Structures are given as structure tokens and as C-alpha cells.
Amino acid sequence: MKKIGAILAVSCLAVLAARPGVGAEPLAANVSAERLSKATAENGNWMLHGRTYKEERFSPLDQIKRENLEQLNLAWHADLDSERGQEATPIVVDGIMYVSTAWSKVFALDAASGKQLWSYDPKVPGEWAVHACCDVVNRGVAVWEGKVFVGTLDGRLVALDSRTGMPVWETLTIDRKYPYTITGAPRVVKGKVIIGNGGAEMGVRGYVTAYDSETGKQVWRFYTVPGDPSKPFESPILASAAKTWSGEWWKFGGGGTVWDSMSYDPELDLLYIGVGNGSPWNHKIRSEGKGDNLFLSSIVALRPDTGEYVWHYQTTPGDSWDYTATQHMILADMQIEGQERKVLMQAPKNGFFYVLDRTNGKLISAEKYAAMNWATGVDKETGRPIENPEARYANNPNGLFIALPGPSGAHNWHPMSFSPRTGLVYIPALTLGFPFLADTSMTADREQGWNAGVRMGVGLLPTDKRTRDEMKANVFGQLLAWDPIRQKAAWAVRHPGVWNGGVLSTAADLVFQGTQQGELVAYSAADGTKLWSRKTLSGVIAPPISYAVNGEQYVAVLVGFGGSIALTGGEAALGTFPQPNKPRLLAFKIGGKDVLAVGAERTAVTTTSVPPKIGDVQTVANGNELYHLYCGACHGIGAISGGVLPDLRHSELVGSRDAFNSVVREGALKSRGMAPFAAVLSDSQTEAIRAYVIDRAHNPIPEEVQ
């Protein structure tokens, strides 16, 4: 008995020593299912992407309030090493901040001082950037039981030790024969790390996968679109989904990537995923213009243990405009018409604000939250949009339809916020149309970059000043306060730029948002009055968070312009922020004493060094097609850079055929993200692109004429 007692005593000591805080250093990122279920009560932490599983992005902290806002100043800042877009939501657990940046890098910092504790670089090959439709961004990490999880641009899921930043395990989530990327933040549910991917513009098939958080082993995978019907379907529901497709869609990839939003309801044990656009965009090419094409542009509910399908709601059947349903989804319990309802709210790209019953996916309401011309409303009985027939551009005699909203949507990935205090949802909305012109030459076997089935080079505004001014008046951003019960706007603040940051609301009835012009602003949650602002010296597209350390409340945000509008948007991204792009992480508190150094002004664009024109009219026309197929997604529609990547019209490389070839075809700058294109572009085709870029340099838009 003495021997047994001694063994038990030793065992108990070993158990006690292994417990955090008892004979050992407390476990960093000590986040568990039990703790996350009570995340609402942990006011000082921001442990999940949306702070809680409900994804409300509402902070219960109220130390920073209207009465002391003028004392809210910069507490600390951390400079970042990449001048690309910054889109991540920082995670804060027990005084430590974990944040991802461009190129899928991860940093741990002291949340009170900004002191770096460790960093991790997954060393994504620079040339993989060619597969990223919308910049080399990353939207955040997830933490769970001492690990930090990040998805990398080149398709890996990596688990890091939260104390050291050293890799614990790494799993390849994609087949690298295909141009997949990961830019979204993982979610951890019941010990499973959930991650999707991007690449629909490049011709891939979408899916979402769950991995064991301890080992990295795949637990389940749910495909969002059916594959080749001559082969067994991966799940029974895909056999039903295949009936909504036509032609040989699988040869185009199909699309449906789950590249951003997810949310989870622990009570219902349902995981909600947002599904993206088709591949290609053009429904007539993708599916012969037939069928709803499930589960494109849909919200899908799954069982997180198995990936089993439960229900879906499709926001845009037969999508042909890149109207994804990957946008932020918020869960809430609301009194609607005298009845308590468990709802899911989403403001997807298509311009309708949806309130769904999250127990079964049934539509409760849907109303326009933005200007649109592709549809007139949503049929409340069927849940389907009432389309404008002209919106099906591939059926138009001239093949053209100027759609509102365009493929950037009326709301993109930038997270919205819901305040239980005001009952309002705060949406970073935008108004930007797009001319859809069908690309009738596209076939499934055409080797290409941008896989849209539309001609991207027709997006330039006319040069006539009066017409330009009229059209530009309908290009702007908004912070929109939306009442989800009454389905109408409570107030709106207009921004001159379309591409502004995500939103945070707080218990002090404040709403924080960064702007494309380079400000972090606090508004009254009740009426939108601007109460406070500070210069950030670069455009802000990321969402702010709020947390507390040692009894002091902070508001933190990543700064750095980028993303799809900054790269692809051309004129839509011009002239909206005066400073060079200088990404940083900023944290503000009452009485902060830190100061940012003012950078140099952005250099004005000139045409003094433009090389002579080359090639004839047909060569330039060919170059236009090739440029928008391979180059426009990064260097801008019309060869107009949004300010993040080099403006090719004013690059010294354009003046030399050899220098241009060395970069475009041979990959001289591949380490910086410029992949070689020799496999798809001949020497003569590359010269046609150069001729087009030079021609564009000789024809500047009116604002650029000095």
C-alpha cells in the first residue's frame, strides 16, 4: 500500500507540474472550447476572428468613450517589412497579440508595448503571387491550446508553438498542379482547424477542409461544387447539386472557393461557410447559361464533426457577375414580429442584406442596402432575386451590360460589425459599377491566367471630362448603419474612396473604421457623427479590434493599402491617399505618447520619360487582350496602377525589349512576386503587351495630364 501511495503521490505531482500556472509557466494562447464558449465575458481578450463565434466584432469595453476621445492617442506602433496589402484581424489572448501580415508571415507581440516576441516566415515562393487574384494578403490566424494556426498563400496550413513561433506541424491543403491560394483566416471548432482557399478566377474547384489541431491530419473535406459526373461524387449532396449544372463545367474548374467568412453556432452545432463565385464568372460559358449551379454564391451549413451538409441558401442563382457569398456572416438572436429568432445576417456582394433563420436556412427578409440595377428585389416566397433580364450580358445582342454593383460588390471582404446595444449592423459598403462584356473566345482548354469569361480591358472611364465626372460621382465608399429588423439604413457616412477598412463597434456606442485616405475614425454609433480621427499615413483596409491589458483599453489596427481594388481597380484606386504605402500595426490608448514619422509625399505621375510608341494598331489591340489576361489583375485595368505595385506605364523596363522580356518571360523579379510567363507568352506576345503599355502611357487619363 505504501508503494502504491508513493506512486500516486509522484503521479499527482507530475500532473500538477504539467498544469499551467502550477510549477510551470502558464500556457501561452491557452484557448479551449470551454473558454471560447465564454468569450463574450472575457472583455479584455479578442480570442477569435470576430471576437466570439457569433462574429459580431463588438467589444464590451467602454473605457474609451465619447468624453475622453480627444485623449485617445497612439500608444505604440510596429513597422512591417512588406509594402503590400494588410488585411488581418489581430488576435489577443492574455496580453499577447498574434497577427499575420502580407506573404503569410506571423508575429507575436506584447499587446501593451508592441515589443516583438517572435516572428515566423513561411517563405512563400515569390512567384506563387501570380495565382493570387487579389494581392498577397492574409486575413488572420487562429489560436487553440498553445498553438497558432495560419494558412499560407501557397496552400499550406501551419501550426506554430505559441510561445516560440516554431512550426509544430505543416499540412499541404491543395494540389499544386492547380493555382489555389489561401488568404483567409482559419477557424478552430471542437479541436478541428477549418480552412478554405481561393483561386476561382484562375480555374479551380472549391472546397473547405477540417484538420486535427494536434496532428494536422485531414478529418473531412466538403466540396462546394460537383466534379466530373463520370466519377463517383464525394458526398451524396453533390449528386443533387450536379443536377443544377449543365455542359462540361468541371473542365473549367467550377469555382465556389471558400476564401473568407465562416461562423459557428455551438448551441446548434452548425458551421456556416460562405461560398464564392463560379469559374469562369460567365454563366453561359461555365454552364451553358443553364441551372442555378449549386453551391456557388451560397451560405452552407455543415456539421463540424463530419462536414455533413445540413442546409443551404443561395443568394445569386446562376451567378454571372462574381457576386460571392463569402462576405462576413453575423449570428444573433432577435425579436422579429414578436418572435425570438436565431438569425444569420449577411450583406454579400450582390447588394441585398439577408436575414436568415440559421436553424434551417429559411429566408426571413432581404432588402437592398446599396444601389443596383441587376435585380429589382428578392421574391419572399422563393428566396430568389428578381433579375433584370438585361443583366445576363452573354444573352445581350452586343454582349455588354454595365452592372451595379460590379464584381467588387456592394460589400467585399472587409468585416462589418453588429452592436447589440444599438441593434444596428455597420457595413463598409461601396458603390462601383463594371461593364460586363462576354469573352466569346474562351474555351476550357485555353491556357490562361484570369479565368473570367469576360473582357477585362473595357473598364476604363471615358476621357470626356463631363462624362467622367458624372460617372465618378457614382464611385464612392460608405460606412452604412443598417437596421436588420426594419431592413433600412439608419445613417450613412460617405467616403471618397471605395476601398475602406472593416468595422469595430464598442459598448461605449462608438464605431471605428479606417479609411482609404489614411485615417482611423471614431463615429457615434447612434447617428454617425464623426467624433475623433488620427492620421495613419497610409490607407487602411483591415478591421480594428479592441482589447485591454492591465486595466487599459486599446484600439489596434493594421495599416497598409492593398487588395483587389488597389491592384486591379485602376482609376478606382487613384488619388485617394497621398503617402507612400507604409504598412504598420498601430495601437491607441487614452494618454498614448507615441508619434508616427511623416513620410514623403507620393510622387506625381509624369509622362516625360515615356518611350516612343512601338507596333501598329493591331499589335496594340492584341497587347490589350493579353495584358488584361495576364497582367491586369496585379498592375491594374488599363495599365493604371492603384499605387501598391509598379505602374508599368512609367517603368524603365518598358523602354527596353530585353529588360521587359527578362522580367515578364524569364522571371528576373520572381522573388518579389513577378512570376515568369514564358510558358504562356511568346516573345512576340510579350512585345505586344509592351506596345500596349507604352500606348497607354501616351494616353494618360485627364487627372494625370500635368
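Now for a look at the structure at hand. (Residues numbered from 1 in each chain as written. Predicted model: local features only at pLDDT ≥ 70, side-chain atom pairs only at ≥ 80, totals over all residues. Heavy atoms only, no water.)

## Overview of the sheet that holds strand β7 (residues 142-144)
One open sheet accounts for 4 strands, arranged β7-β8-β9-β10; its pairing is antiparallel. Looking at the sheet topology across the chains shown, the edges are occupied by β7 and β10 (167-172). The mean inter-strand angle of the sheet, taken between neighbouring strand axes irrespective of direction, is 20°. Across 5 bridges, strand β8 (residues 147-151) lies against strand β9 (residues 156-161) in antiparallel orientation. Bridged to G151 within β9 is L157. (Pairing = 2+ DSSP bridges. Helix = DSSP H or I, 4+ residues; strand = E, 2+ residues; numbered from the N terminus. Axes fitted to C-alpha atoms, helices over the stretch in contact; angles between N-to-C directions.)

## Section: the packing of helix α7 (residues 617-630) against helix α10 (residues 683-697)
Their axes nearest at 7 Å, the elements α7 and α10 cross at an angle of 100°. Overall, the two elements α7 and α10 adopt an arrangement that is roughly perpendicular. Residues T619, V620, G623, N624, L626, Y627 and H628 of α7 form the contact with α10, whose participating residues are Q685, A688, I689, A691, Y692, V693 and D695. Here the contact of α7 with α10 is built from residues that sort into 8 nonpolar, 5 polar and 1 charged. (Parallel < 35°, antiparallel > 145°, perpendicular 65-115°, else oblique. Contact = heavy atoms within 4.5 Å. Nonpolar A, V, L, I, M, F, W, Y, C, P; charged D, E, K, R; others polar.)

## A look at the sheet that holds strand β6 (residues 116-120)
With respect to topology, 4 strands assemble into an open sheet ordered β3-β4-β5-β6, the strand pairing being antiparallel. Unpaired on one side and paired on the other, β3 (91-93) and β6 mark the two borders of the sheet. Taken over all neighbouring pairs, the strand axes of this sheet differ in orientation by 15° on average, direction set aside. Examined bridge by bridge, β3 and strand β4 (residues 96-100) share 3 bridges and lie antiparallel to one another.

## Description of the pairing of strand β16 (residues 262-265)
Burial of the side chains of β16 extends over both faces: M262 and Y264 are buried on one face and S263 and D265 on the other. Of the strand pairs in this sheet, β16 and strand β17 (residues 270-274) are connected by 4 bridges, and their pairing is antiparallel. By the bridge assignment for β17, D265 is matched with L270. The loop that links β16 with its antiparallel partner β17 comprises 4 residues; one of these, D269, has a positive phi angle of about 55°. (Buried < 20%, exposed > 50% of the residue type's maximum accessible area, 1.4 Å probe, protein only.)

## A short note on α10
One full turn of an α-helix is made of 3.6 residues, so residues set three or four places apart face in the same direction. Under the 1.5 Å per step criterion, the end-to-end length of α10 is 21 Å for 15 residues, consistent within 8% with the ideal 21 Å. Counting buried positions along α10 gives 11 out of 15 residues, so the element sits mostly inside the fold. Restricting attention to buried positions, one finds in α10 the residues T686, E687, A688, I689, R690, A691, Y692, V693, I694, R696 and A697. Its buried side turned inward, α10 meets α7 and α9 (657-664). (Expected span 1.5 Å × (residues − 1).)

## A word on the state of the cysteines
In total, this model carries 1 disulfide according to the counting rule given. The disulfide partner of C133 is C134, and the gap between their sulfur atoms is 2.2 Å. Its S-S torsion of about -95° marks the bond between C133 and C134 as left-handed, since a negative value means left-handed. Note on C134: relative accessible area 24%, which makes it partly exposed. Counting only cysteine sulfurs, C634 is the nearest neighbor of C631, a cysteine outside any disulfide, at a range of 8.9 Å. (Disulfide = S-S within 2.5 Å.)

## A look at the packing of aromatic side chains
All chains considered together, the criterion is met by 26 aromatic pairs. Here F512 and W532 contribute two aromatic rings whose centre-to-centre distance is 6.1 Å and whose plane-to-plane angle is 70°, an arrangement assigned as edge-to-face. In this pair, F512 sits in strand β34 (residues 510-514) while W532 sits in strand β36 (residues 530-535), placing the two residues 20 residues apart along the sequence. For the pair F512 and W532, one class covers both residues: buried. Here the aromatic residues Y313, W321, Y323, F352, Y354 and W374 are joined through ring pairs into a cluster of three or more. It is R221 that lies over the ring of Y207; its NZ or CZ is 4.0 Å from the centre. Here R494 stacks its cationic end above the ring of F476, 3.6 Å away from the centre of that ring. (Phe/Tyr/Trp six-rings, centres within 6.5 Å; stacked < 30°, edge-to-face > 60°. Lys NZ or Arg CZ within 6 Å of the ring centre and 35° of its normal.)

## What to know about the pattern of salt bridges
Side-chain pairing between opposite charges can occur once the charged atoms of the two side chains come close. The tally for this structure, following the rule as stated, stands at 39 salt bridges. Between R384 and D292 there is a salt bridge, with the nearest N and O atoms lying 2.9 Å from each other. Of the two residues, R384 is situated in the loop between β25 (375-378) and β26 (385-387) and D292 in the loop between α4 (283-287) and β19 (298-302); the sequence distance between them amounts to 92 residues. On the basis of relative accessibility, which here comes to 36%, the residue R384 falls in the partly exposed class. For D292, a relative accessible area of 24% puts it in the partly exposed group. Through salt bridges with shared partners, a single network forms among D265, E267, D333, K342 and R358. (Salt bridge = Lys/Arg side-chain N within 4 Å of Asp/Glu carboxyl O.)

## A word on the pairing of strand β31 (residues 476-483)
Counting buried residues in β31 gives 8 out of 8 residues, a clear majority hidden from the surface. Of the two faces of β31, the one carrying F476, Q478, L480 and W482 and the one carrying G477, L479, A481 and D483 are both buried.

## As for the side chain of N412
Topologically, N412 is positioned in the loop between β27 (400-403) and β28 (417-419). Of the residues examined, N412 reaches a relative accessible area of 5% and is grouped as buried. Engagement of the side chain of N412 in a polar contact is seen with the backbone oxygen of S408, the distance being 2.8 Å. (Polar contact = N/O pair within 3.5 Å; in protein donor to acceptor, adjacent residues only side chain to side chain.)

## Thoughts on the packing of α9 against α10
Contact geometry for α9 and α10: axes closest at 10 Å, N-to-C directions at 110°. Considering their axes alone, α9 and α10 lie roughly perpendicular with respect to each other. Crossing handedness for the pair α9 and α10: right-handed. From α9, R657, F660, N661 and V664 reach across to α10, where they touch D683, T686, E687, I689 and R690. Here the contact of α9 with α10 is built from residues that sort into 3 nonpolar, 2 polar and 4 charged. (Left-handed = near helix turned anticlockwise from the far one by under 90°.)

Worth remembering: the numbers are spatial, not functional.
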